[in-house]
Amino acid sequence: MIILGESSDDRGTQLEELTKRILVSKGYNNIVTNHIGPGGAEIDVSADFSRPGIVGNHTNRLICECKAYKSVIDTTSWMKFLGKVFMEEVRNKSEVLGCFIALSGVNGNVSGNYDELLKHRNNITLITGENLLETTRELYSLADIESITHITSNFTDRPIRMIDICYYRNSVYFVIAFNNDEYTLLDSNGGILKPSDAHILSMIEESLSTGSYVNIEEEQKAKRRSIFIQKAILTELMLENGEVDKEKLTKSINDKYVPCEETEFNKEIQLLIEKKFVYCKDVLFYINKNTDDIFVELFRFLLNDIIMTGALGCEYYDGLITHQVIPKIEEIQKGLKITDDILEIVMYLIRISPTALIKSLYPEPMIVSHYEQQLKSQQIELFDREYFVQMIYEGFLSDFNNPKLSRYFREIRGIAEVEKSQIIKIKSKEKLLFSNEWVERKAIGQMTDEYGGKYVNLLVLGNQPEPWEETNN
C-alpha cells in the first residue's frame, strides 16, 4: 500500500489521518493527533476505547506510532516507541495499548523482538502495509482486484504487471502498472480518474519511480475512432465496387462519417495496408483482390464490435460471400461437415446476417471439442451440423431484433417479418407429461413521417394478416 504526500512530512500526516479514520470506524473516541506527552515525546495518534462494565465503563488507552517511511523500520525507532508506551502506562497507572504502523515493514531485529514480546505481552501490535491494506479495503469498501482487472481489460489489452492501492486525503485509488513502464489510475470504485484528482499523478510517479500516466479511457476512444475510420474506408471501398481514388474517398469519410485530417486518414490507410486488406496504386485504393487469402481476417475485423451497416447487402459485399467460404468455415470449426442439405440455409444466413457470419468464423467450443477429443460418429456429426445451424439462426434472430439493423433488413434485404414456432415437451421417465406449441411473429414496421419515418421492431399478434396480404389490401 502507498501513502501519498507532497513531502515526507505530508506522507506522515496522511498516514496519521488514515489511522484516525480507521479508529473512528472501530468505535474509538477522544482521538488526538500529534499529541506531546510528558518529557516532550510526540505521540502520533492517541485514542480511548470504552467498554461497558457492570458499573460504569472501562476505558483502554491507545497510542499509535505512524511511520510512512520508504525504508524498513530499525531497532532505534522501535525501542523509542516501546518507551512511549511504558511512559504512558506509568502516567495512566494502567496498561496502555500500543500500535506501531510501519508502512514499509521492519527489519529482522525488530521482527524478532516483536515475536519475543508477544510471548509476554499482548498489548503491543505491529502493523505493516499489508495489514493496513486489508483494513483500508474494509473501511472504504474497495472493489476487489479481480473486478479492477476486469474493468481495466475493458479499456485496454495492455498486460498488467502490478496493481497497488494508494491513499491521499481520504481518497483511495488503484494504481495499475503495465509492462512497458506506464501506469493508469482508477478510483476506489474502479472509475476513471477525474481531472480534479490529476494533482496526485506527480506524487505517484515520485513514490513508485514509474513511467508516464496513461488515460485508458481516452486511449480506448482513440482506438475505437481508429477502428471506426478503417471500417468506414472499407465500407466506402465496397460501395465503390472495391476501388476508389483518394480524393473521393477522403471526401466520403469526412462527409458521411467523421471529420478526418489528411495525416489521420493516411495513418488509418497505412494500417489497412499493413493488415493486407487494402493496397494502393498511385492515387487509387483497392480492396485486396486476393480475398481468398484474407477473407476470414477481413470479415472478423469488419463485423466485430462496431458494425458498419453501409456495406451490408451491397453487390461487392455479397459477392465476397460465396460457396468458397464453406471450406474455411469447416476448417475453423474443425471437423464440421456442411452437407448439401444445409448448404443453402448456411449460405443464406451468413450472407444476410453479420452475426451469423462472425459466429461461423470463430471456433465454436461445443463443435471443436468433439474434434479435439477425437469423438467421431455419424450421430455426433449430425449433432454438430444441427448445432451449427441453430447457432447461426440465433445470430440472424439477434440481428433482426437489433434496431440498428432494422432499416438494413427492411430496405436492403426486403425482410418484413420473421415467424418462429416452438414446441415444448415435458417428459417423465414413463411418459409425455405436457406438450404445447406456440408461434412468435416479429416484424419491422415503419413509423409515419410525423415520427421521422424510422423503422421499429414490432410484436405481431397471431391472428394478424401476413405481410403480403397487408400489401395487397
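Our subject is the structure that appears above.
Throughout this description, residue numbers start from 1 for each chain and increase along the sequence as written. pLDDT decides what is reported in this predicted model: residues at 70 or higher carry local features, side-chain atom pairs at 80 or more are listed and counted, and totals for whole chains, interfaces and linings draw on all residues regardless. Here the side-chain values reflect all heavy atoms present in the structure, with hydrogen atoms and water set aside.

1. Section: the overall build of the protein chain
Piece 1. Numbering of helices and strands starts at the N terminus; helices are DSSP runs of H or I of at least 4 residues and strands are runs of E of at least 2. Helices and strands together make up the secondary structure of the protein chain, namely 18 helices and 15 strands.
Piece 2. Here the C-alpha atoms of the protein chain give a radius of gyration of 34 Å, more than 25% beyond the 23 Å that 2.2 N^0.38 yields for 473 residues.
Piece 3. With the C-alpha coordinates of the protein chain rotated into their principal frame, the extents come out at 100 × 75 × 60 Å.
Piece 4. Think of it in three bands: residues with accessible area under 20% of the maximum for their type are buried, residues over 50% are exposed, and the middle band is partly exposed, with areas taken using a 1.4 Å probe on protein chains only. Counting across all 473 residues of the protein chain, residues that qualify as buried make up 43%.
Piece 5. Only the protein chains shown count as cover for residues, and all accessible areas are computed by the Shrake-Rupley method using a 1.4 Å probe. Carbon and sulfur atoms provide 49% of the accessible area of the protein chain, an area that totals close to 26,400 Å².
Piece 6. Charge counting treats Lys and Arg as positive and Asp and Glu as negative, with His and both chain ends excluded. The atom standing in for a charge is NZ when the residue is Lys, CZ when it is Arg, CG when it is Asp and CD when it is Glu. Each charge class in the protein chain can be summarised by its mean position, and for the 53 positive and 72 negative side chains these summaries are 3 Å apart. Put simply, the radius of gyration uses C-alpha atoms, and a globule should come to 2.2 Å times the residue count raised to 0.38.

2. Thoughts on helix H7 (residues 216-239)
Piece 1. Expected helix span is computed as 1.5 Å times (number of residues minus one). Taking 1.5 Å per residue, 24 residues should reach 34 Å; H7 reaches 34 Å between its end C-alpha atoms and fits that length.
Piece 2. Two or three places before Glu217, at the opening of H7, Asn215 has a side-chain oxygen 3.1 Å from that residue's backbone nitrogen. Under the rule applied, a polar contact is a pair of N or O atoms within 3.5 Å (in protein, one hydrogen donor and one hydrogen acceptor; residues adjacent in sequence only if both atoms are side-chain atoms).

3. Concerning the sheet that holds strand S15 (residues 455-460)
Piece 1. Between any two strands, pairing holds if DSSP finds at least two bridges. Strand order in the open sheet formed by three strands is S13-S14-S15, and the pairing between neighbours is antiparallel. Since the sheet does not close on itself, it has two edges, and those belong to strand S13 (417-427) and S15, each with one partner. Across the sheet, the mean angle separating the axes of adjacent strands is 20 degrees when strand polarity is ignored.
Piece 2. Both S13 and strand S14 (residues 432-446) contribute to a ladder of 11 bridges, which runs antiparallel. Residue pairing for S14: Ile423 is matched across the bridge by Glu437.
Piece 3. Any two residues whose heavy atoms approach within 4.5 Å at even a single point are treated as in contact. What counts as an axis is a line fitted to C-alpha atoms, over the stretch in contact for a helix, and the angles between N-to-C directions run from 0 to 180 degrees. Relative to the sheet, helix H16 (residues 378-400) contacts S13, S14 and S15, its axis offset from that of S13 by approximately 130 degrees.

4. Section: the pattern of salt bridges
Piece 1. We define a salt bridge as a contact between a side-chain nitrogen of Lys or Arg and a carboxyl oxygen of Asp or Glu at a distance within 4 Å. Taken as a whole and judged by the stated rule, the model has 27 salt bridges.
Piece 2. As a salt-bridge pair, Arg137 and Glu134 come within 3.9 Å of each other at their nearest N and O atoms. Linking Arg137 with Glu134, this pair stays in helix H4 (residues 129-140), spanning three residues, or about one helical turn.
Piece 3. Here Lys194 makes a salt bridge to Asp187, at a shortest N to O gap of 3.8 Å.
Piece 4. Three or more residues are tied together by salt bridges with common partners; here these are Asp48, Arg61, Glu88 and Arg91.

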